[in-house]
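# Geometric and topological summary
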Amino acid sequence: MPTMDDILEHIGEFDFFQKQTFFLLALLSAAFTPIYVGIVFLGFTPDHRCLSPGVAELSRRCGWSLAEELNYTVPSLGAMGEAFPSQCRGYEVDWNRSALSCVDPLAGLATNRSHLPLGPCRHGWVYDTHGSSIVTEFNLVCANSWMLDLFQSTVNVGFFIGAVGIGYLADRFGRKLCLLVTILINAASGVLMAISPNYTWVLIFRLIQGLVSKAGWLIGYILITEFVGLSYRRTVGVVYQVAFTAGLLALAGVAYVLPHWRWLQLTATLPNICFLLYYWCIPESPRWLISQNKSAKAMGVIKYIAKKNGKSLPASLQSLRPEEEVDEKLNPSFLDLVRTPQIRKHTLILMYNWFTSSVLYQGLIMHMGLAGSNIYLDFFYSALVEFPAALIIILTIDRIGRRFPWAASNLVAGAACLASVFIPEDLQWLRVTVACLGRMGITMAYEMVCLVNAELYPTFIRNLGVLVCSSMCDIGGIITPFLVYRLTNVWHELPLVVFAVVGLVAGGLVLLLPETKGKALPETIDEAENMQRPRKNREKMIYLQVKKLDIPLN
């Protein structure tokens, strides 16, 4: 019987229907950016100091400039290794005294300011920003700074739970249904988060967004790889992730125009409302329908694709059955990911590589600590580094394959981390260059693991396999801040040593996976188990069968 790849060769592997669907799903990929990295702007922490009504009144009476007010009333920086008293503590002074002069008002209270008592900020804080964030609105600083960490950890917990749970549902009940449900919940929770009255409700709706948003992004990735033909699959997989990078650039621009977090959150959520129109634009995956023994519905989708592409479907290809003759449709199970030896090996290696990619990708950004005061330009420039990574992938994976570029990118990232340990501080340009090389390498690895993950599993557990394995990057996202900041307290370069080790190990493990270049997506467990072997006999059998059916009878 013909496979889906055989049919696509006749009705179009990447014609009008696939291009239209890819464009629509690429918009979905770009819209995921504010949820994944939106904390940079939603949780931006500006310079701050204690709010004191007495200081404000004294400054107004004396006509101080901002610089004079800071010089006269804010504690100086703490000693080496201490926190910054200027941000979290203020002088325990009665600023309403009439005896305080306008020129160095504290001089009459103590000859040395360091002898004056300091206390917590009792009236809140003053923030040096023209916009707002959840930090400035809910005062998530000083003793409450852990609440910002909780905000980011919560969305990663949502990513983890949603990826596994919704991945199972998408393989059980279909890609399209789960995609639309995740879009609807994402849109509703995003709007509710923008109008939340307090931090608790913000946290709840952020968790809900995490539960559905990443799962929806990955379902979109699965859909587009199942709609296109073999020769285009790797390109659309990479460009789908490039759309995410384009979303990074767009987010920087929107955040610059809308510096207030509620308006930014609302604006970033609006596209999801429009995505509900995909109900009329994107059909169910015919590969999934075939795997579920729904051949009639699958043929209906195939004929729709052929019509949109202006092609006709040969009569010899209008008979579909799953390649495993079964009486019931195949229901995915988590055990299917570890039941057989080769798929079990694939699962373990992919899970480790997802974890490694997340830790290095986020960890390198945190550790590099981009210099400069313009958060928008810093974010914009760091996103630009990802475009060359995508270009290198497109130019290499079709000529060289998936496995070696993927392994090399992990090795380059690990080697760059190790090299950074030995570069002296005065060679800052070299440190930045090596850090960017590591960022480019791990970006390639991140995109490669998403591409190859979908190619190593049979159809009926493909979505489940991708979402379960990718859930490890959420575990990495949860622990990376602790890896960076805790280990830095021991030795500043220790996180880089850890990154180097895990990156180099990931590169070696990739070499144990089969090469998927030029191979059709496996439809059954047997095909996935035998990916190291060529399937020439099976392909030849299909070819001869089609030729025989096409011979007219006299």
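Now for a description of the structure that goes with this document. The structure presented is a predicted model; accordingly, all values stated were derived computationally and were not measured. Along each chain, numbering runs from 1 in the same order as the chain's sequence is written. This being a predicted model, a pLDDT of at least 70 is required before a residue's local features are given, and a value of 80 or more before pairs of side-chain atoms are given or counted; all residues contribute to the totals for chains, interfaces and linings. Only hydrogens and water are set aside; all other atoms, that is, all heavy atoms of the structure, feed into the side-chain values.

Another point: the overall build of the chain. Under the DSSP-based scheme used, a helix requires at least four consecutive residues in state H or I and a strand at least two consecutive residues in state E, with every element numbered from the N terminus. Helix and strand content of the chain: 24 helices and four strands. Split into buried and exposed, the 554 residues of the chain put 53% on the buried side. Two residues form a contact once any of their heavy atoms are found within 4.5 Å. Across the chain, the fraction of contacts at a sequence separation of at least 24, relative to all contacts at a separation of at least 6, is 82%. We call a residue buried when its accessible area falls under 20% of the maximum for its residue type, exposed when it is over 50%, and partly exposed in between, using a 1.4 Å probe and counting protein chains only.

End to end, helix H10 (residues 175-194) covers 29 Å across 20 residues, agreeing with the expected 28 Å (1.5 Å per residue, within 8%). Buried within H10 we find Arg175, Cys178, Leu179, Leu180, Thr182, Ile183, Asn186, Ala187, Ser189, Gly190, Met193 and Ala194. Given a helix with a known number of residues, its expected span is that number minus one, times 1.5 Å.

Now for the environment of Arg49. Mapped onto the elements of the fold, Arg49 is located in strand S1 (residues 48-50). Arg49 gets classed as buried once you look at its relative accessible area, which sits at 9%. Residues adjacent in sequence count toward polar contacts only when both atoms are side-chain atoms; beyond that, a polar contact is any pair of N or O atoms within 3.5 Å, and within protein one must be able to donate a hydrogen and the other to accept it. Among the polar contacts made by the side chain of Arg49, one reaches the side chain of Asp128 at a distance of 2.9 Å.

Another aspect to go through is the layout of surface pockets. Rolled over the atoms, a probe with the dimensions of a water molecule shows which regions are left empty. The space that makes up the second largest pocket amounts to roughly 440 Å³. Residues are called lining when one of their atoms sits within 4 Å of a cavity or pocket point, these points coming from a 1 Å grid over the protein atoms alone, where a cavity is a set in which a 1.4 Å probe fits but cannot get out and a pocket is an open set with protein on both sides within 12 Å along at least five of seven lines. What lines the second largest pocket is a set of 27 residues, and nearest its centre among them are Cys50, Leu51, Ser52, Tyr91 and Trp95. Sorting the residues of the lining of the second largest pocket by element identifies S1, helix H5 (53-62), helix H6 (66-73), strand S2 (89-91) and strand S3 (118-120) as the ones contributing at least two each. In terms of residue count, H5 provides more of the lining of the second largest pocket than any other element does, four residues in total. The residue classification treats Ala, Val, Leu, Ile, Met, Phe, Trp, Tyr, Cys and Pro as nonpolar and Asp, Glu, Lys and Arg as charged. All others, Gly included, are polar. Along the lines of polarity and charge, the residues of the lining of the second largest pocket split into 13 nonpolar, eight polar and six charged. Grid points are joined across faces, edges and corners, and a volume is the space filled by probe spheres set on the points.

This next bit is on a nonpolar patch on the surface. Judged by side-chain polarity, Leu169, Phe173, Leu177, Val181, Leu184 and Ile185 come together as a nonpolar surface patch covering roughly 520 Å² of accessible area. Going through the elements one at a time, helix H9 (146-173) and H10 are the ones with two or more residues in the nonpolar patch. Here the nonpolar patch gets four residues from one element, more than from any other, and that element is H10. You can see Leu184 is positioned in helix H10. The class of Leu184 is partly exposed, set by a relative accessible area of 49%. Nonpolar side chains (Val, Leu, Ile, Met, Phe, Trp, Tyr) are joined into patches within 5 Å and like charges within 9 Å, using only residues with over 30% relative accessible area and no salt bridge. Each accessible area is a Shrake-Rupley estimate made with a 1.4 Å probe; only the visible protein chains count as cover when residues are assessed. Here a salt bridge means any side-chain nitrogen of Lys or Arg lying within 4 Å of a carboxyl oxygen belonging to Asp or Glu.

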